[in-house]
Amino acid sequence: YVPIATQQVFDKYWKPISNNLKLHWVPSFQSGTSFTQERIPGILEELQLMKDYLSDNPHHNIEIDMVQFILSRIEGAISALRAVQDDPSAECFMG
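All values reported here derive from a predicted model rather than from experimental measurement. (Residues numbered from 1 in each chain as written. Predicted model: local features only at pLDDT ≥ 70, side-chain atom pairs only at ≥ 80, totals over all residues. Heavy atoms only, no water.)

1. Here's the deal with the pattern of salt bridges
So, point 1. Enumeration over the complete set of coordinates arrives at 1 salt bridge.
So, point 2. Among the salt bridges present, the one from Glu75 reaches Lys51, with a minimum N-O distance of 2.2 Å. Of the two residues, Glu75 sits in helix α3 (residues 64-84) while Lys51 sits in helix α2 (residues 40-56), which places them 24 residues apart along the sequence.
So, point 3. Since its relative accessible area comes to 24%, Lys51 is described here as partly exposed. (Salt bridge = Lys/Arg side-chain N within 4 Å of Asp/Glu carboxyl O. Helix = DSSP H or I, 4+ residues; strand = E, 2+ residues; numbered from the N terminus. Buried < 20%, exposed > 50% of the residue type's maximum accessible area, 1.4 Å probe, protein only.)

Here it is, written out as structure tokens:
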């Protein structure tokens, strides 16, 4: 299990960013989603896109403390996914 955000934080920040970037997997984290190892590369790619967006886009109008918090959650998710990426028996849940 990898914690991502409260419902309020997800609705206010994660959802608009993922919609703006036209992401497939990240929106499913809102209600929580389980997935197997073969989905990890696509999820890592989307998390990296969000990370790049928050790091490189000064016009997103998100407070710096919240940006840092979201980036820390993204980093935690990336680390957790990389830890099980090569384990075919891995079952993951993010939400």
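Once you've had a look at it, read on.
2. Examining the side chain of Ser18
So, point 1. Among the secondary structure elements, Ser18 is positioned in helix α1 (residues 7-20).
So, point 2. In this view, Ser18 contacts Leu23, Val26 and Pro27; residues no more than four positions away in its chain are not counted. (Contact = heavy atoms within 4.5 Å.)

3. A closer look at the nonpolar core
So, point 1. One finds Trp14, Leu47, Leu54, Leu81 and Met94 to be the most contacted residues of the largest nonpolar core, which totals 30 residues.
So, point 2. Not counting residues within four places of it along the chain, the set of residues in contact with Leu54 comprises Ile17, His60, Ile62, Val67, Ile70, Leu71 and Ile74. (Core = buried A, V, L, I, M, F, W, Y, C linked by side-chain atoms within 4.5 Å.)

4. Focus: the packing of aromatic side chains
So, point 1. A complete count under the given rule lists 1 aromatic pair for this structure.
So, point 2. With centroids separated by 6.1 Å and ring planes inclined at 10°, the aromatic side chains of Phe10 and Trp14 adopt a geometry described as stacked. Pair noted here: Phe10 and Trp14 are both in helix α1, with a separation of 4 residues, about one helical turn. (Phe/Tyr/Trp six-rings, centres within 6.5 Å; stacked < 30°, edge-to-face > 60°.)

5. Things to note about α2
So, point 1. The end-to-end C-alpha distance of α2, which contains 17 residues, comes to 24 Å, matching closely the 24 Å that a straight helix rising 1.5 Å per residue would cover.
So, point 2. For α2, the set of buried residues is Ile40, Ile43, Leu44, Glu46, Leu47, Met50, Tyr53 and Leu54.
So, point 3. Taken together, the buried residues of α2 touch α1, β1 (33-36), α3 and β2 (91-94). (Expected span 1.5 Å × (residues − 1).)

Take it as geometry only, folks, not as evidence of what the structure does.
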